[in-house]
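Residue-level structural notes
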Protein chains: 2
Amino acid sequence: MRTKATLKHISQSLNLSISTVSRALKNHPDISDQTKQKVMELASLMEYEPNTHAINLRTNKSKTFGVIVPVISNYFYHSFIAALEEDARRLGYALIILQSSDDPQIELENLRICRMNRVAGVFVSITANTKDIKPFLKLDEVDIPVIFFDKVPDFEACNKICLADTEAATMAALTIIRKQKKKVLAIFGNEEMSISKKRKQAFLSVIESQSSSMEVISEHADNADDAFMLTLKYGAKTGFIDTIFSMSDEILTGVMRAIQKLKKNVPNEIGIISICNNNFIPRMYDPEISFVETSGADLGKLAIKRMMDHMSGKTFVQELTLPSRLVEGGSL
Amino acid sequence: MRTKATLKHISQSLNLSISTVSRALKNHPDISDQTKQKVMELASLMEYEPNTHAINLRTNKSKTFGVIVPVISNYFYHSFIAALEEDARRLGYALIILQSSDDPQIELENLRICRMNRVAGVFVSITANTKDIKPFLKLDEVDIPVIFFDKVPDFEACNKICLADTEAATMAALTIIRKQKKKVLAIFGNEEMSISKKRKQAFLSVIESQSSSMEVISEHADNADDAFMLTLKYGAKTGFIDTIFSMSDEILTGVMRAIQKLKKNVPNEIGIISICNNNFIPRMYDPEISFVETSGADLGKLAIKRMMDHMSGKTFVQELTLPSRLVEGGSL
DNA sequence: GATGTTTGCGAAATTGTTTGCAAAAGGATA
DNA sequence: TATCCTTTTGCAAACAATTTCGCAAACATC
């Protein structure tokens, strides 16, 4: 194994001091042009590359962001991560990805990894069971900004980037009202999750206040299979429901499998509308599913923008919300 | 901002030398039990955490793997990454994720990031246009092992972890023959990609050698929309084809959208079989789609195992192949 | 000729951890 | 008391890059 070139090697070869070489490579005005040229030539010949570890040690910072998510394999998070990575690389940062597997213990361990690596900042979507957010706030104390996204803590004063849960559910409800539907099956996610609560609350209150004639059956599904069963149960009787609202991509997949099993015609026999991360799942069916978009990719871009703002001194805490938009597909 | 505790701080507080503190924390036999206890107590009190950058500089290694993929947002890669992350964390390694966006230039830049970070190893799936793999081999020279996975270079002597492309396509073909189908539309991916070539070659040669009565229409689709159009084209005429074979998840989504549009009954009017990454997409339809599994998650586990073997001295180069298996879903 | 300014560069400190070697301290034995 | 261990600890170098301080010498100004 050939060892990598260092400033020292270059300086010895040229009979210069290390500092001179360093400055020459940075085009520092202190150094004469001839010296600069000599140094640069030799550096590229020796394939010199600065040692990140040495720089990190010296500056006590690294050009790296930590990203902690419950799971990577989820259409929302991976599009978030992909968008984040693109912008981060453009800005000269790399991403360390850590999964908590929805386990607060592992989450804590991941925070430790971020601290030890002195990352420049952390993006985190907390687990469903994270109670104590003090460990997160502690990072701020050692000058590592923390941006919460998607699943954010309830009360504390911290930086949050959220989807417009209320707005998205409201949009979906209004669309259903506009289409003059009368009997809706609304399927929400796990009853404990705050995102389910928010969306349910918004959805139902819109229906209640804006439409007197509509009936809503509201149910919860923990996964696609639950949604499949619920759809079968209510959809089996002809004409019992005329619309299904799904709160997420995952629920939508269960609903649509049941719709196919029941051989229901969409949108004539039954209308479908969902809240989705992007057009990936909605475009897998015919007709394409109408949905309210809450984009993971857009959230990623918003998150890194907030991070850069924060690092450049705009340190005030705030909660940002990503607007959503309706994409009509023909299923309602 | 409170500064983080260092060995120096601890040593000064206790009137010991830095080296004594260092060794005490590592439970080195040289240090007396009382000293060890004193040190450990203070260390935990001061919330001491070793500085990764200093360790990295000292050892010229980091407990980090680099992962370079064309895109993250892809059902194959993100399940690969998720599996890799789980095992890596268990072994004390973090993951730096880099997307090449299928651009060889960015890929090169990402390699540079890996070198500069002196990662412990690199997992890479090359872009469709990567011609020159010398830069990858160069990493090996500076003692950074490189494991190619999924999209691997053709010829060179390097570590490769591949899906069993030939086997998977063969399995699918044999299944179709077993079901005594007569007229098959086979849709493969982009014509230039080696994975398409391999699967096509295997599929066709099995059909040719094992079945005299079967007719195959072979087509290429660059994306889901292409597959949608092809399926519409050939599926419109009743009874013209009795089976569709899809080479990938993405193609399958296009095929199924068309099937729904044509209101074809699966499997009675038309049979479907696909090669898929996991059961995610196949389970979105009813009946569930029969598929040959080429699991990204399993490939991730295999890749990290190979990496660890390589790092512990089993340095011989080899090509490993992940076996595939048939999952019957009811669509054929 | 004295003083100030600029140019070009080097020495040394800094960052936190590890480690080989030296050495001190203490006890036991001759 | 001298010698020899053993146990325990400290010194100093090494890792690579950056940065501060400041030295000289050249040059300009009065």
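The rules behind each value
- Residues numbered from 1 in each chain as written.
- Chains lettered and ligands numbered in written order.
- Predicted model: local features only at pLDDT ≥ 70, side-chain atom pairs only at ≥ 80, totals over all residues.
- Heavy atoms only, no water.
- Near = heavy atom within 4 Å.
- Polar contact = N/O pair within 3.5 Å; in protein donor to acceptor, adjacent residues only side chain to side chain.
- Helix = DSSP H or I, 4+ residues; strand = E, 2+ residues; numbered from the N terminus.
- Pairing = 2+ DSSP bridges.
- Axes fitted to C-alpha atoms, helices over the stretch in contact; angles between N-to-C directions.
- Contact = heavy atoms within 4.5 Å.
- Buried < 20%, exposed > 50% of the residue type's maximum accessible area, 1.4 Å probe, protein only.
- Right-handed = clockwise from strand over helix to strand, strands pointing away.
- Nonpolar A, V, L, I, M, F, W, Y, C, P; charged D, E, K, R; others polar.
- Expected span 1.5 Å × (residues − 1).
- Arc of directions from axis to C-beta.
- Buried area = accessible area lost by both parts, 1.4 Å probe.
- Salt bridge = Lys/Arg side-chain N within 4 Å of Asp/Glu carboxyl O.
- Domains from an automatic or database assignment.
- Least-squares fit on C-alpha atoms with pLDDT ≥ 70 in both.

Around DNA strand C sit 27 residues, and of these A:Thr20, B:Leu7, B:Lys26, B:Tyr48 and B:Arg58 come closest. Close to the protein, within 4 Å, the atoms of DNA strand C belong to sugar or phosphate groups at a rate of 61%. Side-chain polar atom of B:Arg23 to a base oxygen of DNA strand C: 3.0 Å apart, as the coordinates give it. One of the side-chain nitrogen or oxygen atoms of B:Arg58 is found 2.4 Å away from a base oxygen of DNA strand C. The dominant element in the surface near DNA strand C, judged by the number of residues it contributes, is helix α2 (residues 18–25) of chain B, at four residues.

Pairing between sheet strands relies on hydrogen bonds along the backbone, with the strands arranged either parallel or antiparallel. All names here are of chain B. Overall, mixed pairing links the six strands, which are arranged β7-β6-β8-β9-β10-β12 in an open sheet. If you trace the sheet from one side to the other, it starts and ends with β7 (215–220) and β12 (325–327), each paired once. Strand after strand, the sheet turns through a mean of 20° between neighbouring axes, direction not considered. Here four bridges tie strand β6 (residues 183–188) to strand β8 (residues 243–246), and the two strands are oriented parallel to one another. Bridging from a neighbouring strand, Val-184 pairs with Thr-243 of β8. In the packing of helix α9 (residues 194–210) onto the sheet, the strands contacted are β6, β7, β8 and β9 (271–276), and the crossing angle to β6 comes to about 165°. On the sheet, helix α11 (residues 249–262) packs against β6, β8 and β9 and is oriented at approximately 160° with respect to β9.

So, about the pairing of strand β1 (residues 64–69) of chain A. Residue and element names in this part refer to chain A. Most of β1 sits inside the fold, with six of its six residues counted as buried. Side chains of β1 alternate between two faces, with Thr-64, Gly-66 and Ile-68 and Phe-65, Val-67 and Val-69 buried alike. Bridging between β1 and strand β2 (residues 94–99) involves six bridges; their strand directions are parallel. Bridge pairing links Val-67 to Ile-97 in β2. Taken together, β1, helix α5 (residues 75–90) and β2 constitute a β-α-β crossover, and its handedness is right-handed. In terms of strand pairing, β1 meets strand β3 (residues 121–124) through four bridges, oriented parallel.

The environment of DNA strand D is formed by 26 residues, the closest being A:Leu7, A:Arg58, B:Thr20, B:Arg23 and B:Thr35. Close to the protein, within 4 Å, the atoms of DNA strand D belong to sugar or phosphate groups at a rate of 61%. In the environment of DNA strand D, a phosphate oxygen lies 3.1 Å from a nitrogen or oxygen atom belonging to the backbone of A:Asn51. Side-chain polar atom of B:Arg58 to a base nitrogen of DNA strand D: 3.4 Å apart, as the coordinates give it. For the surface near DNA strand D, the secondary structure elements donating two or more residues are α2 (18–25) and α4 (52–59) of chain A together with α2 and α4 (52–59) of chain B. For the surface near DNA strand D, the leading source of residues is α2(A), giving four residues. Taken together, the residues of the surface near DNA strand D sort by class into nine nonpolar, 10 polar and seven charged.

Once that is clear, we can look at helix α9 (residues 194–210) of chain A. Residues and elements named next belong to chain A. The terminal C-alpha atoms of α9 lie 24 Å apart, and with 17 residues this matches the ideal 24 Å at 1.5 Å per residue to within 8%. Restricting attention to buried positions, one finds in α9 the residues Ile-195, Ser-196, Arg-199, Ala-202, Phe-203, Val-206 and Ile-207. Buried positions in α9, seen along its axis, are confined to an arc of 145° and lie on one side of it. Exposed positions of α9 whose direction lies more than 90 degrees from the buried face are Gln-201, Glu-208 and Ser-209.

Here the focus is the sheet that holds strand β12 (residues 325–327) of chain A. Residues and elements named next belong to chain A. Taken together, six strands build an open sheet; the order of strands is β7-β6-β8-β9-β10-β12 and the sheet is mixed. The strands lining the two open edges of the sheet, one partner per strand, are β7 (215–220) and β12. Adjacent strand axes in the sheet meet at a mean angle of 20°, parallel and antiparallel pairs treated alike. Pairing geometry for strand β6 (residues 183–188) and β7, over six bridges, is parallel. Bridged to Ala-186 within β7 is Ser-218. Sheet strands touched by α9: β6, β7, β8 (243–246) and β9 (271–276). Its angle to β6, the strand with the most contacts, is close to 165°. The strands touched by helix α10 (residues 224–235) within the sheet are β6, β7 and β8, with β6 carrying the most contacts at an inclination of about 165°.

Contact residues are listed per partner, giving 59 residues for chain A and 59 residues for chain B. When the two sides are added together, the surface that chain A and chain B hide from each other amounts to roughly 5,700 Å², 53% of it contributed by carbon and sulfur. Our count for the chain A to chain B interface comes out at 10 salt bridges. Between B:Arg257 and A:Glu288 there is a salt bridge, with the nearest N and O atoms lying 3.3 Å from each other. If you look at where chain A meets chain B, you find 25 residue pairs in polar contact (both at pLDDT 80 or more). Of all the secondary-structure elements, those providing two or more residues to the side of chain A that touches chain B are α4, α5, β2, α6 (104–116), α7 (134–141) and α11 (249–262) of chain A. If you tally residues by element for the side of chain A that touches chain B, the top one is α5(A), at eight residues. When its residues are assigned to classes, the side of chain A that touches chain B shows 21 nonpolar, 17 polar and 21 charged. In the sheet, β2(A) pairs with strand β2 (residues 94–99) of chain B via three bridges, with the strands oriented antiparallel. Across the sheet, residue A:Ile97 finds its bridge partner in β2(B), namely B:Leu95.

The next point concerns the domain arrangement of chain A. The domains assigned to chain A are domain 1 (7–50), domain 2 (62–163 + 297–322) and domain 3 (165–293). Taking the mean C-alpha position of each, domain 1 of chain A and domain 2 of chain A sit 38 Å from one another.

Here the focus is the relation of the copies chain A and chain B. If you rotate chain A by 180° and push it 0.0 Å along the axis, it lands on chain B with an RMSD of 0.1 Å. On this basis, the relationship between the two copies can be described by a two-fold rotation axis. No C-alpha of chain A approaches the rotation axis more nearly than that of A:Ile96, which lies at 2.3 Å. Interface residue correspondence from chain A to chain B reaches 100%, placing this contact among same-surface, isologous pairings.

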